[in-house]
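What follows is the residue order along each chain.
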Amino acid sequence: MMQETIARYRSVRARTAELAAPLSQEDCCVQSMPDASPVKWHLAHTTWFFETFILERREAGFRAFHPAFRVLFNSYYNGVGDKHPRPQRGLLTRPSLDEVLAYREQVDRRMLRLLEQRQDDGDLAALVETGLQHEQQHQELILTDVKHLLSMNPLLPAYSTNAMTPAPPAQPLAWQEYDATLAAIGHEGDAFCFDNELPRHRQFLEPFAIASRLVSNAEFLAFVEAGGYREPSLWLSEGWDWARANGLHHPLYWRQEDGRWSEFTLHGEQPLDPHRPAAHLSFFEADAYARWAGARLPTEGEWELAAAGVRDHGRPALHPPGGGREGLSQCFGQVWQWTGSSYAAYPGYRPQEGALGEYNGKFMSNQYVLRGSSCATPEGHARITYRNFFPSGARWQFTGLRLARSLQKK
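Worth saying up front: this structure is predicted, and the values here are computed from it rather than measured.

## Brief notes about the overall build of the protein chain
- For the protein chain, the helix and strand inventory stands at 10 helices and 12 strands.
- A globule of 410 residues ought to have a C-alpha radius of gyration of about 22 Å, and the protein chain, at 22 Å, matches this closely.
- Once the C-alpha set of the protein chain is aligned to its principal axes, its extents read approximately 65 × 50 × 35 Å.
- In the protein chain, which comprises 410 residues, the share counted as buried stands at 55%.
- Look at the contacts in the protein chain between residues 6 or more apart in sequence, and 80% of them connect residues 24 or more apart.

See the structure below:
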């Protein structure tokens, strides 16, 4: 068992370094907004996780790489101690990127030595898996944070110079109907999950229909050009105030020039592809579009029931690839899908003990659940029961929507 953990540890840690490799030291230091973090901080924080939660407690003769790192690279774990203010992470010109990479290298050596020594320690292997799942979340954040950073540059530089593969035409939208049912929702089995996916429980679902695919760029563009951002009746009150306060008239990264729409991507600025799923939408935008389309957002229970038979969890990419098959498609590997469900505890939920209990439970306020996975989600990280969550106005992640409708009771 531990040899599998060691191999996975090496693979995940190497992948994080690969994501940072195309970037300059300047790219890795800058913070484009308070919600994003510099790549250098991500590289250090994911290392801090292993040093703080594993080495500090299990390594004989533990000695911190640098005592100040315990504060500098703590994210939100109040049980661990003080934190450097999140909006000021971009001010940390020191330690240098080279020192952060040295930090990663040293902690990796110590971690691998510890794992080799504890071959039969199942609790250690489970804790390492939590750290690796945490690092995979930050791998996605590295890409989305870098995308936001590069979009702020008038040069519109590309993260990748590789050409984008053209998207196939979007499948015609169809509706998958479901009768009322008492559905089992939540994780089951021995495979990894976060504590907010537990416990498995029953939810009664009224009859509903769910769209066979995601809303496309072409469909969302129709909403934009029909004046959707100017019609208050389509918006929640808070969403309308948010859109007005921020002067919003279209999705993040879209731009119109000489009557043509383009979209900034990790491949640089590209013509807006009508067939790809609409991305970087806030909950407010997704909800307004659904109302305009005569539909609504699915609940997370509806989404999980519909997606229960989907086995293809997608492949990592730098932009939503589009495509799909007949029937329910585009559940994974495209964009995270907003639901109409507030992020709250399942019946009987118990957070993990200790500081790691702060990972999910304390954020169950003023957030909405997203389901599926995105093009930036690492391979092997997606699952049916995964509960992602963000505030209503967040849109720098790869987030989009799938429509749902309520059906008449039979």
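## Digging into the packing of aromatic side chains
- For the structure on display, the rule yields 36 aromatic pairs.
- Seen from their ring centres, Phe-69 and Tyr-103 are 4.9 Å apart, and the 75 degrees between their planes marks the pair as edge-to-face. Here Tyr-103 lies in helix H5 (residues 97–117) and Phe-69 lies in helix H4 (residues 69–72), a separation of 34 residues in the sequence. Like Phe-69, the residue Tyr-103 is buried in the burial classification.
- A centroid spacing of 6.4 Å and a plane angle of 70 degrees characterise the contact between Phe-220 and Tyr-229, whose relative ring orientation is edge-to-face.
- Relative accessible area serves as the criterion here: at 0%, Phe-220 is assigned to the buried category.
- Overall, Tyr-229 belongs to the buried group, its relative accessible area being 2%.
- Three or more aromatic residues joined by ring pairs make a cluster, and in this case those are Tyr-9, Trp-48, Phe-49, Phe-50, Phe-53, Tyr-76, Tyr-77, Tyr-343, Phe-363 and Phe-389.
- Directly above the ring of Trp-41 sits Arg-89, whose terminal nitrogen or CZ lies 3.6 Å from the centroid.
- Residue placement shows Arg-244 over the ring face of Trp-240; its charged tip is 4.2 Å from the ring centre.

## Topic: helix H9 (residues 283–292)
- Counting buried residues along H9, eight of its 10 residues qualify, which places the element largely inside the surrounding structure.
- All of the buried residues in H9 are Phe-283, Phe-284, Glu-285, Ala-286, Asp-287, Ala-288, Tyr-289 and Ala-290.
- One or two residues past the end of H9 sits Gly-294, with phi positive at roughly 75 degrees.

What counts and how
- Residues numbered from 1 in each chain as written.
- Predicted model: local features only at pLDDT ≥ 70, side-chain atom pairs only at ≥ 80, totals over all residues.
- Heavy atoms only, no water.
- Helix = DSSP H or I, 4+ residues; strand = E, 2+ residues; numbered from the N terminus.
- Rg over C-alpha atoms; globule rule 2.2 N^0.38 Å.
- Buried < 20%, exposed > 50% of the residue type's maximum accessible area, 1.4 Å probe, protein only.
- Contact = heavy atoms within 4.5 Å.
- Phe/Tyr/Trp six-rings, centres within 6.5 Å; stacked < 30°, edge-to-face > 60°.
- Lys NZ or Arg CZ within 6 Å of the ring centre and 35° of its normal.

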